[in-house]
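Notes for the structure review
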Amino acid sequence: MPSAASEKTLLLDTASLYFRAFFGVPDSMRAPDGTPVNAVRGLLDFIARLVTDHQPTHLVACWDDDWRPQWRVDLLPSYKGHRVAEEVPGGPDVEEAPDALETQVPVIRAALAALGIAVVGAPGCEADDVIGTLTARSPRPVDVVTGDRDLFQLVDDSRAVRVLYTARGVGRLDIVDEAWVAKKYSIPGRAYADYAVLRGDPSDGLPGVPGVGDKTAAGLISKYTDLDGVLAAVEDETSGLAPGLRLKLRQSGDYLTAARAVVAVLPDAELPEADATLPGAPVDPDGWAELVRKWGLGGSAERVVTALAQRGG
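Model, not experiment: these values are computed from the prediction.

**Some thoughts on the pairing of strand β7 (residues 161–165)**
The buried count for β7 comes to four of five residues, which makes it a mostly enclosed element. Where strand β6 (residues 142–146) and β7 come together, five bridges link them in parallel fashion. Within β7, the residue paired with Asp143 across the bridge is Arg162. Here β7 runs beside strand β8 (residues 174–176); their pairing, made up of three bridges, is antiparallel. When the bridges of β8 are listed, Tyr165 appears paired with Asp174.

Okay, structure coming up:
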């Protein structure tokens, strides 16, 4: 086993990865009965590569038990509103997703369970909140694997917390640390959430402040440190804010207050207990073998088991 000094936790934004697998792996990958398994096989291959390349000792597949929590919608009704396929009274709402992907999600859950990879979610929480909480609690370095830029807010060199950003693919990850964020956005990593609130993010239904784009948002954070500093500058006539920008920020005050709570990931969600130790072999070998046979997981199954055997246990 690796020494304590070399221990590291890998936290997967699981839905981000299986959506990427679904759209990136040909749907010609099918089970013997003709069911598409491209998302299943793609995710298994992603895990195999991540374990091999980044050598974690602990691994958690973080889950969206609620991809659009009502408490966030109450604060900002537009939050992810464009991605709702069906509203469900009492929630969670149904997210718009291809049927061919939806049928694969239970197979993904079953495969992770048979392998012995911890799956952690919590009522009223997105995977981001699970990741934020596990990161806050972690006694060891953390690599977060995601295509979601909001998680850049967790980057912390002092605690060896990084984001492995999948925008260019799992084989060409961007290793996001504080220097990467500063170079890319001209802000500190801890300020990314405030930056996103100011400029907006259409993918999450965040309108942003009218007229405030990337450059203006970065300039505000650079000059006033964070959103609290920006809001204080709005009320301080000597702060140097241009009159037009001051007016826009003042008119957006309610949005800014609500959106910052929406974008910030929870550091203290109530999570179930789970053993995050990386397994060295499937914990349910019979169940795993049946899944591999039934769904035709082939080389993807072999690769993930090999990767776990070389690193886990």
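**A short note on the domain arrangement of the protein**
Partitioning the protein into structural domains gives domain 1 (9–178 + 266–306) and domain 2 (191–263). When each unit is reduced to the centre of its C-alpha atoms, the spacing between domain 1 and domain 2 is 31 Å. Opposite the 13 residues of domain 1 that make contact, domain 2 presents 17 residues. Interface area for domain 1 against domain 2, summed over the two sides, is near 1,300 Å², with a carbon-plus-sulfur share of 52%. At the junction of domain 1 and domain 2, the tally comes to one salt bridge. Here Arg83 and Asp204 are joined by a salt bridge, their closest N and O atoms 3.4 Å apart. A class-by-class count of the residues in the side of domain 1 that touches domain 2 yields five nonpolar, three polar and five charged.

**Details of the layout of surface pockets**
Approximately 560 Å³ is the volume found for the largest pocket. If you trace the largest pocket, you find 25 residues lining it, with Asp13, Ser16, Arg83, Gly147 and Asp148 closest to the centre. For the lining of the largest pocket, the element with the highest residue contribution is helix α1 (residues 14–24), accounting for four residues. Mapped onto the domain boundaries, the lining of the largest pocket takes at least three residues apiece from domain 1 (9–178 + 266–306) and domain 2 (191–263).

**Some words on empty space enclosed by the protein**
Rolled over the atoms, a probe as big as a water molecule pinpoints where empty space is left. A complete count under the given rule lists one cavity of 30 Å³ or more for this structure. Approximately 60 Å³ is the volume found for the largest cavity. Taken together, Arg72, Tyr79, Glu126, Asp128, Asp129, Asp150, Asp204, Val262, Val263 and Val265 form the lining of the largest cavity. Secondary-structure elements contributing two or more residues to the lining of the largest cavity are α6 (127–137) and α12 (253–263). Each residue belonging to the lining of the largest cavity can be placed in one class, and the counts come to four nonpolar, no polar and six charged. Built from parts of two domains, the lining of the largest cavity gets at least three residues from each of domain 1 (9–178 + 266–306) and domain 2 (191–263).

Cut-off values and rules
Residues numbered from 1 in each chain as written. Predicted model: local features only at pLDDT ≥ 70, side-chain atom pairs only at ≥ 80, totals over all residues. Heavy atoms only, no water. Buried < 20%, exposed > 50% of the residue type's maximum accessible area, 1.4 Å probe, protein only. Helix = DSSP H or I, 4+ residues; strand = E, 2+ residues; numbered from the N terminus. Pairing = 2+ DSSP bridges. Domains from an automatic or database assignment. Contact = heavy atoms within 4.5 Å. Buried area = accessible area lost by both parts, 1.4 Å probe. Salt bridge = Lys/Arg side-chain N within 4 Å of Asp/Glu carboxyl O. Nonpolar A, V, L, I, M, F, W, Y, C, P; charged D, E, K, R; others polar. 1 Å grid on protein atoms, 1.4 Å probe; cavity = no way out; pocket = protein on both sides within 12 Å on 5 of 7 lines; lining within 4 Å. Points joined across faces, edges and corners; volume = space filled by probe spheres on them.

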